[in-house]
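# Fold and geometry: a report
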Amino acid sequence: MNDEVQDRLSDHHSDEETDEGDEGVIGQPEPEYDETGRWSLQNIAKYIPTSKYKSVDDLAKNLVEKSPKTLQPYLRLARVDKPVGYWLLMWPGLTGLALGAGGVPGFVLTAKFCAGAVLMRTNYDTTSALGSTEGIKRGCFWRTSERRCSGILLSLNAPTIGLGLASLPLICTYPYLKRITYFPQVFLGLCMNYGLLMGVTASCGSLSIPAVVMYSSLISWTVFYDTIYALQDSKDDMLLGLKSTAIKFGPDVHKYLTLFTGVTSTGLFMSGHLAGLGSCFYMGVGAMTHFMLSQVQSLKPDDERDCLKKFTDHTKVAALLFFSVLLGASFQ
């Protein structure tokens, strides 16, 4: 009798253990095993926590959507929900600070250049939208950001103020160039990377030959990534009579992108040599070159999603260049 009771109790406990095993510790089904009795990679991936945000853009959009409704129109006018432009403006400026300082730039200057990148992005977008309804709506917001941007510029040293004032014709001219030339991306490169020159002068008080060479190479880099971006709009641009490198290069776009990759990497290597940067810089430029060439090989000009993804990935390239200069200057 006792043996029978013990058998029933043991059966009951085994059933409970089986039920708990099915649920798992976190209430998920027990993972399947492969033929060797080990977890397969696909099953392990199910238990790795992932963020619901696939990119910084997704996070930025969510922040705007969850912000107070009274602020949302202003945040969208400032393009907070589309931060790619901020990164592409900010990183060259910070790279210039690191190059001019010969290492880690000062905190105050870094903060000023980050804030300046945000404000300048707003000014670029507003200037580009002049004449449209959205441009009129941005007018009041632009005047506020312009005053603050001017305040930041006037707090820097005299050479940097002079460079900043010299950039105004470029900023005002760029929006109209798509109706004049097939190479507006070149002028965009002059604008987007201008912060590099200003960062150098803000850090050390004067321009240098390595800074000018690096600036020239980054113009080629901008033509590279903005040509990829322009591929999304090439059909619409042709209907509207607008021009771009994407239209000019046409079916030879892969060849030209390879050319601009070579110009970019060659210029960066030259600037690193002239500045006496350490091996970390050259490793970073090598990784950047490999990344650009891999984009050329896998580029699908007719796939808008592919083009947009490749364009946004250049925020990582910009960050890589900054840290390459920072480490190369710090450990020569």
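Above this note sits the structure.
Just so it is clear, the structure is predicted and the values come from calculations on it, not from any experiment. In this numbering scheme, every chain counts its residues from 1 along its sequence in written order. For a predicted model such as this one, the threshold for reporting local features is a pLDDT of at least 70, and the threshold for listing and counting side-chain atom pairs is 80 or more; totals across whole chains, interfaces and linings nevertheless cover every residue. Side-chain descriptors were evaluated using all non-hydrogen atoms of the structure, hydrogens and water having been removed beforehand.

## Topic: the nonpolar core
Operational definition: Side-chain atoms within 4.5 Å link the members of a nonpolar core, which is a set of buried Ala, Val, Leu, Ile, Met, Phe, Trp, Tyr and Cys residues. In this scheme, a residue with accessible area under 20% of its type's maximum is buried, one over 50% is exposed, and one in between is partly exposed, where area comes from a 1.4 Å probe on protein chains only. Under the DSSP-based scheme used, a helix requires at least four consecutive residues in state H or I and a strand at least two consecutive residues in state E, with every element numbered from the N terminus. Here a residue-residue contact requires only that any non-hydrogen atoms of the pair lie within 4.5 Å.
Judged by nonpolar contacts, the single largest core of 59 residues is most densely connected at Met214, Trp221, Phe224, Leu268 and Phe281. It is helix H12 (residues 209–230) that contributes the most residues to this core, 11 residues altogether. Among all residues touching Phe224, those that are not within four sequence positions of it are Leu257, Phe260, Thr261, Met292, Gln295, Val296 and His314.

## Considering the packing of aromatic side chains
For clarity, the threshold we go by: Only centres within 6.5 Å qualify two rings of Phe, Tyr or Trp (six-membered ring in Trp) as a pair; their planes then separate them into stacked at under 30 degrees, edge-to-face at over 60, and tilted for everything else.
Tallying each qualifying case throughout the model produces 13 aromatic pairs. Ring geometry for Trp91 versus Phe323: centroids 6.1 Å apart, planes at 50 degrees, classification tilted. Of the two residues, Trp91 sits in helix H5 (residues 84–101) while Phe323 sits in helix H18 (residues 314–330), which places them 232 residues apart along the sequence. When its relative accessible area of 42% is taken as the criterion, Phe323 is described as partly exposed. Relative to Phe260, the ring of Phe249 lies with its centre 6.1 Å away and its plane at 35 degrees, an arrangement referred to as tilted. Of this pair, Phe249 sits in helix H14 (residues 245–249) while Phe260 is found in helix H15 (residues 253–275), placing the two residues 11 residues apart along the sequence. Note on Phe260: relative accessible area 17%, which makes it buried.

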